[in-house]
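What follows is the residue order along each chain.
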Amino acid sequence: MNRIVYGLLTVLLVSLAWCGTSLAAEEAADMELSASNLKISTFYNGTTLDVSGSLPEDGDVVVRVSGPKKNVHLKEKGKVAGVLWMNKTDVSLENTPAVYMVYTPAGPVESFLSPELGVGYKALVNNIDIVPESADKAFIFGEYVKLMEKSGVYAVENGAVTYGAAAGGMKAFSATLTIPSKMNAGDYKIDALVIKNGAVTTTLSKNLNLELSGFPKLISDLAYGSPLLFGILAVVIAIGTGLLIGVIFKGGGGAH
């Protein structure tokens, strides 16, 4: 009997030790950003941001950039009388992130993007309300995604996440994120989602802030803090530009 009890205790202790080791590995997953604050200055034309960290060696990681959410109002076009393309109706996409970019490791992209994982366009559209309800949700959202991808603020980059050599049950990961010039000043969220056996086991999150600096900040402060002064300045600049153009064309012997 004592041997049986001792054997059971041994098995229990080994199991607890294994579970503890597994949990420790999960808890050890981490993520760091090369910068958490980016300045939008006069000649800013977008930039890049490095993300790095570690995760269990038998997992994968997907990096997602998102936010802030807003309501988007569009005009749906269609053929009238089967001939002319015209605006047919107003469409609103509610609770839509202004930015949505996903970076995955190399491999079949479908294994990293799905509603079940909560990652990718198919997952995103489930959280967006489109008004009116009679609108073709899949078509409207698909066209909106194409528009945002052209602006660079929506993207799915397969193979952008790379791994280092495994050691001690962990492996390093890294990715270079594109921060486009059309990504406005504001607060954004960067998530690293650790995926194992078809499920997200850990979500690591960091905040990223884009803020105006220099001349863009001065203009913004004037527009929101001193609208009258901003209006006067805009008129003065417009008049000055007009006079300068007139002098240039007159001096160049413009048309008679």
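Residues numbered from 1 in each chain as written. Predicted model: local features only at pLDDT ≥ 70, side-chain atom pairs only at ≥ 80, totals over all residues. Heavy atoms only, no water.

Peer 1: Residue-level account of the sheet that holds strand E7 (residues 100-105), with values.
Peer 2: Pairing is mixed across the open sheet formed by nine strands, whose spatial order is E1-E3-E10-E9-E7-E4-E11-E12-E2. Only two strands of the sheet have a single partner each, and these edge strands are strand E1 (30-33) and strand E2 (37-40). Mean inter-strand twist for the sheet, computed between neighbouring axes without regard to direction, equals 25°. (Pairing = 2+ DSSP bridges. Helix = DSSP H or I, 4+ residues; strand = E, 2+ residues; numbered from the N terminus. Axes fitted to C-alpha atoms, helices over the stretch in contact; angles between N-to-C directions.)

Peer 1: Tell me about unusual backbone geometry, and please be specific about residues and values.
Peer 2: For the peptide bond that leads from Gly67 to Pro68, omega is -20°, which places it in the cis range. Turning to its location among the elements, Pro68 is positioned in the loop between strand E4 (60-66) and strand E5 (69-80). In this structure, the amide linkage connecting Val131 to the following residue, Pro132, adopts the cis form with an omega of 5°. Following the sequence through the fold, Pro132 ends up in the loop between strand E8 (129-131) and helix H3 (137-151). With a phi close to 65°, Asn95 is a non-glycine residue in the positive phi region. Locating Asn95 in the fold gives a position in strand E6 (residues 84-97).

Peer 1: Now, about the layout of surface pockets: what can you tell me, with residues and values included?
Peer 2: Of the voids in this model, the second largest pocket is the one considered here, and its volume is about 250 Å³. If you go around the second largest pocket, you meet 14 residues; those closest to its centre are Arg64, Ser66, Lys69, Tyr100 and Leu124. Breaking the lining of the second largest pocket down by element, the ones donating at least two residues are E4, E6, helix H2 (121-125) and strand E11 (186-196). Here the lining of the second largest pocket is built from residues that sort into four nonpolar, six polar and four charged. (1 Å grid on protein atoms, 1.4 Å probe; cavity = no way out; pocket = protein on both sides within 12 Å on 5 of 7 lines; lining within 4 Å. Points joined across faces, edges and corners; volume = space filled by probe spheres on them. Nonpolar A, V, L, I, M, F, W, Y, C, P; charged D, E, K, R; others polar.)

Peer 1: Help me get a handle on the packing of aromatic side chains, residues and values and all.
Peer 2: Across all of its chains, the model carries four aromatic pairs by this definition. A ring pair is formed by Tyr100 and Tyr121, whose centres lie 6.3 Å apart and whose planes are at 40°; its orientation type is tilted. One end of the pair, Tyr100, is in strand E7; the other, Tyr121, is in helix H2, and 21 residues separate them in sequence. What makes Tyr121 buried here is its relative accessible area of 18%. A ring pair is formed by Tyr144 and Tyr154, whose centres lie 5.9 Å apart and whose planes are at 85°; its orientation type is edge-to-face. Linking Tyr144 in helix H3 with Tyr154 in strand E9 (residues 154-163), this pair joins segments that are ten residues apart in sequence. We classify Tyr144 as buried; its relative accessible area is 2%. Taken together, the ring pairs connect Tyr100, Tyr121, Tyr144 and Tyr154 into an aromatic cluster. In this arrangement the basic side chain of Lys171 is found over the ring face of Tyr163, its NZ or CZ atom lying 3.9 Å from the centre. (Phe/Tyr/Trp six-rings, centres within 6.5 Å; stacked < 30°, edge-to-face > 60°. Buried < 20%, exposed > 50% of the residue type's maximum accessible area, 1.4 Å probe, protein only. Lys NZ or Arg CZ within 6 Å of the ring centre and 35° of its normal.)

Peer 1: How would you sum up a nonpolar patch on the surface? Please name residues and give values.
Peer 2: A surface patch of nonpolar side chains, about 430 Å² in accessible area, is lined by Leu244, Ile245, Ile248 and Phe249. Looking at the element boundaries, Ile245 is found in helix H5 (residues 227-251). (Patch = residues over 30% accessible without salt bridge, like charges linked within 9 Å, V, L, I, M, F, W, Y side chains within 5 Å. Areas by Shrake-Rupley, 256 points an atom, 1.4 Å probe, with all protein chains shown as cover. Salt bridge = Lys/Arg side-chain N within 4 Å of Asp/Glu carboxyl O.)

Peer 1: Account for the pairing of strand E3 (residues 47-56), with residues named and values stated.
Peer 2: Look at any regular strand and the pattern is simple: side chains alternate between the two faces of the sheet. The pairing of E1 with E3 spans four bridges and is classified as antiparallel. The partner of Glu32 across the bridge, within E3, is Ser52. Pairing between E3 and strand E10 (residues 170-179): ten bridges, direction antiparallel. Each bridged residue has a counterpart across the sheet, and for Val51 the counterpart in E10 is Ala175.

Peer 1: Before we move on, could you go through the side chain of Arg64 and cite the residues and values that matter?
Peer 2: With respect to the secondary-structure elements, Arg64 resides in strand E4. With a relative accessible area of 15%, Arg64 lands in the buried category. A polar contact of 3.1 Å, which involves the side chain of Arg64, links it to the backbone oxygen of Gly118. (Polar contact = N/O pair within 3.5 Å; in protein donor to acceptor, adjacent residues only side chain to side chain.)

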